[in-house]
Amino acid sequence: RTGFNLNTWLRDNGYLSIANPHQADRGFLQGINWNETRAYTVGLSSFYLNIRGRETDGIVDPGEAESLAAEIADKLRQVKDPATGAIVFANLYPRSSYHGEAMSDAPDLSLGYAPNYQNARQASRGGVGDTLFEPIEDKWSGEHAASDYQLCQGVFFSNMPVEKENPHIQDLGITALKRLGADIPSEYEGESI
């Protein structure tokens with residue numbers, strides 16, 4: 001029920017620089033001084049570093065990316081909602097959590113928000129505002145794309161016996177392909193349930 005404006009936090013902590021506050025307030029990664037910005041967020045749970053050679057105006061040396069992401073993650077783990085004292089992030093997942101063909105699109109950190117928190121609307125659209133926390137008063141809640149995936153247990157129904165005690169969502173594609181007698185691509189993760 002509370003949005004956290006991560007871009008505002010990044011600005012306030014010296015990781016993101018604003019060139020034009022009015023444009024930055026509107027979002028879509030406008031109004032940002034990319035020559036002095038080391039990190040930003042856009043979307044519901046993705047955090048990026050402004051890496052030289054990857055981003056158009058990147059300034060972060062690729063060799064320093066992992067340590068910078070870890071530094072920021074350590075600080076974000078300490079963020080608490082001043083109204084409740086609750087932590088904002090249940091977990092933060094580094095880029096090294098990912099592997100496979102789509103690595104070039106993986107975020108540098110995936111944000112695992114704690115219950116009742118998610119990226120503020122402004123941050124999700126790449127904006128930087130004045131308020132760090134904002135109440136979410138519309139009906140958009142239960143955000144499965146921002147909540148820590150370990151807190152979002154699913155329900156699995158099957159009309160057939162299941163051998164695996166705790167199936168993972170990654171198992172579903174492999175199970176379906178196996179049942180259909182189709183080849184399972186080598187890059188697929190998981191196992192037949």
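For the structure itself, look to the data block above.
Presented here is an overview of the structure given in this document.

## Observations concerning the nonpolar core
Note on soluble globular proteins: their nonpolar side chains tend to be buried together.
In step 1: Of all hydrophobic cores here, the largest spans 34 residues; its most connected members are Phe4 and Ile72.
In step 2: With 6 residues, helix H3 (residues 65-76) is the single largest residue contributor to this core.
In step 3: Once residues lying within four places of it in the same chain are set aside, the contact partners of Ile72 are Trp9, Leu10, Tyr15, Ala39, Phe47 and Leu49.

## Digging into the sheet that holds strand S5 (residues 109-113)
In step 1: The strand order across the open sheet formed by 4 strands is S2-S3-S5-S4, and the pairing between neighbours is antiparallel. Edge positions in the sheet fall to strand S2 (39-41) and strand S4 (89-94), since each of these pairs with one other strand and no more. Looking at each pair of strands side by side, their axes are set apart by 25° on average, direction ignored.
In step 2: As paired strands, S4 and S5 are joined by 5 bridges and run antiparallel to one another. In the strand pairing of S5, Tyr93 is matched with Ser110.
In step 3: In the packing of H3 onto the sheet, contacts are made with S2, strand S3 (46-49), S4 and S5, and the angle to S3 comes to roughly 135°.

## Focus: the pattern of salt bridges
In step 1: Overall, the coordinates contain 9 salt bridges when judged by the stated rule.
In step 2: Glu55 is the partner of Arg54 in a salt bridge, and the nearest nitrogen-oxygen pair spans 2.8 Å.
In step 3: Overall, the relative accessible area of 16% leaves Glu55 in the buried class.
In step 4: Note that Asp171 is salt-bridged to Lys164, the shortest N-O span being 2.7 Å.
In step 5: Assessed through its relative accessible area of 23%, Lys164 is described here as partly exposed.
In step 6: Residues joined by salt bridges that share partners form a network here, namely Arg54, Glu55, Arg95 and Asp108.

What counts, and at which threshold
For every chain, the first residue of its written sequence is number 1, and the numbers climb from 1 along that sequence. Local features are withheld for residues below a pLDDT of 70 in this predicted model, meaning they are given only at 70 or higher, and side-chain atom pairs are given and counted only at 80 or more; totals for whole chains, interfaces and linings count all residues. Hydrogen atoms and water are omitted, and side-chain values are computed over all heavy atoms in the structure. Nine residue types can take part in a nonpolar core, namely buried Ala, Val, Leu, Ile, Met, Phe, Trp, Tyr and Cys, and a core is a set of them joined through side-chain atoms within 4.5 Å. Categorising residues by exposure relies on relative accessible area from a 1.4 Å probe, with only protein chains included: less than 20% of the type maximum marks a residue as buried, more than 50% marks it as exposed, and the intermediate range marks it as partly exposed. To qualify as a helix, a DSSP run of H or I must reach at least 4 residues; to qualify as a strand, a run of E must reach at least 2; elements of each kind are numbered from the N terminus. Only heavy atoms matter for contacts: two residues are in contact if any of them lie within 4.5 Å across the pair. Any two strands with at least two DSSP-identified bridges between them are counted as paired. A fitted line through C-alpha atoms represents every axis, and for helices the fit uses only the stretch in contact; the resulting angles, taken between N-to-C directions, go from 0 to 180 degrees. Whenever Lys or Arg places a side-chain nitrogen within 4 Å of a carboxyl oxygen from Asp or Glu, that contact is recorded as a salt bridge.

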